[in-house]
Amino acid sequence: MRLKTMKRLAALTIMTLALCTAAVAQDMIKGTVVDAKTKEALTGAMVVATKANRMAIADQSGAFQLKVPAGSQELTVSFLGYKEKIVPVTVVGDVGVIEMEPDAFGLDEVVITAGIVVRDRATPVAVSNIPLEQIEMKLGNQEFPEILKSTPSIYATKQGGGYGDSRVNLRGFNSENVGVLINGVPINDMEGGRVYWSNWAGLSDVTTFMQVQRGLGASKLGLSSVGGTINIITKSSDAEAGGSVYYGMGNDGLQKLNMNVSTGLMDNGWAATLAGGHAVADGYVLGTDYEAWNYFVNITKVINAKHRLSFTAFGAPQWHNQRGTMYTIQDFRDSKDGARMNRSYGYVNDKVVGGSYAHNEYHKPQISLAHYWNINEKSALSTSVYASIAKGGGRRAIGQSNWLSINNNTGKPYDDTKLTADGLLDYDEVYRLNGESVNGSRVVFANAVNSHDWYGILSSYNNQLTSEIKFTAGFDGRYYRGYHRNEITDLLGGEYYIENNIYGRPANTPLHEGDVIGYDEMGEVLWTGLFAQGEYVKDAFSAFLSGSVSGNFYRWYNWGEKPVDGKQKSEWVTFLPFSVKGGANYKFLDNHNVFANGGYFTRAPFFNSAFVNYTIETNPDAKSEKVYTGELGYGFEDNHLNVTLTGYYTVWLDKGLTRTTNGTTYNILGINARHMGLELEATYRPVSNFNVKGMLSIGDWIWKDDVNFTAYDENQVLLDRFDAFIANVHVGNSAQITGALAANWTPVKNIKFSADFNWFGKNFANFEPTNRTQLQDKVDAWQMPDYYTVDLSASYKFKIGGVSATLYGSANNLLDAEYITDAKDGTLHNAETALVYYGFGRTWTTGLRINF
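Caption draft 1: Examining the overall build of the protein chain more closely. A tally of helices and strands in the protein chain yields five helices and 50 strands. Over its C-alpha trace the protein chain gives a radius of gyration of 29 Å, about what one expects of a compact globule, namely 29 Å for 852 residues. Taking the principal axes of the C-alpha coordinates as reference, the protein chain spans close to 115 × 60 × 60 Å. A buried classification covers 54% of the 852 residues belonging to the protein chain. In the protein chain, of all internal contacts separated by at least 6 residues, the share reaching a separation of at least 24 is 67%. Accessible surface, the protein chain as shown: approximately 36500 Å² in total, 57% of it carbon and sulfur. The protein chain carries 74 positive and 87 negative side-chain charges, and their two centres are separated by 9 Å.

In structure tokens:
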């Protein structure tokens, strides 16, 4: 008995010693990560002990601690916008200060100008980041905004499926009500607020980082964006010489080639980066082939330690055929082509030719020159002047347009006799009828020109007044002229065309390609804005207060109409919107933080709402819209888990709409909406080579009240007043409940896999208030079926003849799910009368990038 007791004691002693030895063998590495130039702490920098497969995240002061086994280690330190750094550790303990070098010149100034949040636990706004690695690995042949689809309260779709015809909604607000910036410069259309993603689709190839700021956001500009802000940061001049070449291919004939080259910063202070690309494909939807290019130039001159100049030019010219019309669910089911069905095209000499509203071509280059002045160690001034001279438009059939058009309200052809046996547009018949006509072409193609000249200046002054207080102020000035007219592009077999809609032209003048028909108008917008913000940061508490005031000035020119009182241009229409917002953040117990923000702003109505029926007559009922919004949030972060929970409430008052149909103009004012919801976002990193990201957003977005609207004829005579029954109808075409789960795994060095699950629910059809005027319309819009998709992507880095290369592959909608993404509510508000777009089935891409 005594012997057994002694054996047990000996075993217990051995186990205790082993545990003590293991504890002793665990050593601590600690240090601080800072910017090499500014010495500012890089909160959120990732530090990985590669041998031990352990990781840590730098805190607010840039400090980190990492428990590792005894012995030498190697630390890999990484942070957005900085070159990855390898730090050998032979003696564990305090490794001191690790200084990180930026991977590109000027990125820090652009980040400041754009209002990018780089320390999300210190800034009281809801933020999601999309880094370069995610864009390169997961975008594939998806539309540019679709890279955001796993972000809370984001809903992005391809709509009709044409190249660049995508859209994105944020918290239920469409792009007209979401501020989109490229390198800090707003790109929302100056007249209607929309973002035409086809103008920027090729920009994904030179984008280094994207950030979504939901709600008020951190941008200091007077954007008056209701839903939030999307910041896109492109390349600048790379810090080191080198370049890359990329070739990719994918489904439906996709071929893509990109290249870039950089000098790095040379001894004379100059640096240059050039990039370009080309893509061509047949398109997943039938009859939606396209060709697109992109180019990017940045030339930087470091004058001295205080002054730097940066010239940037980029653009993405393209043409693409489109599916311009929705169809009923039954139409898709009856078609042998299923979700790929498209009736908006035909063939001329075996070439696809899109019909009316089914072809677009555009080029919107943007050129800027920026000056960065480090006045002293506490203050800096950045100023950028920019210009965008855009050309292009969309195809329209003029004259007997029903021959080459699909009815947008039914999804059916206007004229079945002008279709081929396959149900496509019969261009042979149109050419025959035009050629036989003794009065010129009966129908022609015209380009609905939507060109513009846009000039701007953006200047921002920053001053670190004290160690706790930072002050920012600046000026945002823009001048815009938008040109709108129809220009004949194809007589379609006839010798000329006659129409008498343009004032001052002799009657029955034979018209040819290049002549203007239908209308000839110009919108002029002048924007002047001042903004200021104060930030306070001390210990665990931070807060900000900002305000802006803008002058929005509109003027309309109508050269194609008879002068009114001898005038063909309107008086200036003036609005003075303003904004005020503030927030605070408090961190406690090392890993926790809570934040709150709120704001109120007014916004000028869109350009068309300020005038009646596209004339120079101003709309006396147009008034500024009002928005109240607030958020509460909680965050938790340690070395393995990051969680953010946000609740928001937004009220939007006095929204205005103008609609024109068959010569009747509907003036709809006083529309109110309420958007509220919860957003959860989390990342779990159990080990350095594996992480799981998830999000869940639950929204309730509705129109609050019924409204009264007026109808005017072409002569601005009041026809009638109507009630639109929209109270408690849900906001359409924006999934109000979304969820996502993504697993990212690096099983061995240089090989990465990612799997993404996305779920979309509570998605209602969009509707027109003018179609809800009967008592039977006092019901909700049709709700689309919920759906989910699964995506897979992978990358492999390796060496080819001494240079590095990366092989990419991705498959979207791997399970080939069938689902509806967009819908227009029908007369009976049900599935049978709704018009819809289906999402894409399974698609794939693969590509090889070689770096030199």
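Past the structure itself, the notes keep going.
Caption draft 2: Up close: unusual backbone geometry. Even without a glycine there, the phi angle at Asp252 is positive, about 55 degrees. You will see that Asn813, though not glycine, has its phi angle at about 50 degrees, which is positive. Following the sequence through the fold, Asn813 ends up in the loop between β47 (803-812) and β48 (820-824). Classification of Asn813 as buried rests on a relative accessible area of 3%.

Caption draft 3: Focus on a nonpolar patch on the surface. A surface patch of nonpolar side chains, about 790 Å² in accessible area, is lined by Val245, Tyr247, Met249, Leu257, Met259, Val261, Leu274, Trp844 and Phe852. At the level of secondary structure, the elements contributing two or more residues to the nonpolar patch comprise β17 (242-250) and β18 (254-262). Within the secondary structure, Phe852 is located in the segment after β50 (843-851).

Caption draft 4: Quick peek at the sheet that holds strand β12 (residues 178-182). Here we have five strands laid out as an open sheet, ordered β9-β14-β15-β12-β13, and mixed in their pairing. A strand with exactly one partner marks an edge of an open sheet, and here the two such strands are β9 (126-131) and β13 (185-186). The pairing of β12 with strand β15 (residues 228-234) spans five bridges and is classified as parallel. For Gly179, the partnering residue across the bridge sits in β15 and is Thr229.

Caption draft 5: Just the sheet that holds strand β2 (residues 46-49), in detail. Pairing is antiparallel in the open sheet, where four strands are placed in the order β3-β2-β5-β6. The two strands at the open ends of the sheet, each matched to only one other strand, are β3 (54-57) and β6 (85-89). Going from strand to strand, the sheet's axes swing by 20 degrees on average, the running direction of each strand aside.

Conventions and cut-offs
- Residues numbered from 1 in each chain as written.
- Predicted model: local features only at pLDDT ≥ 70, side-chain atom pairs only at ≥ 80, totals over all residues.
- Heavy atoms only, no water.
- Helix = DSSP H or I, 4+ residues; strand = E, 2+ residues; numbered from the N terminus.
- Rg over C-alpha atoms; globule rule 2.2 N^0.38 Å.
- Buried < 20%, exposed > 50% of the residue type's maximum accessible area, 1.4 Å probe, protein only.
- Contact = heavy atoms within 4.5 Å.
- Areas by Shrake-Rupley, 256 points an atom, 1.4 Å probe, with all protein chains shown as cover.
- Lys, Arg positive; Asp, Glu negative; His and termini not counted.
- Charge placed at Lys NZ, Arg CZ, Asp CG, Glu CD.
- Patch = residues over 30% accessible without salt bridge, like charges linked within 9 Å, V, L, I, M, F, W, Y side chains within 5 Å.
- Salt bridge = Lys/Arg side-chain N within 4 Å of Asp/Glu carboxyl O.
- Pairing = 2+ DSSP bridges.
- Axes fitted to C-alpha atoms, helices over the stretch in contact; angles between N-to-C directions.

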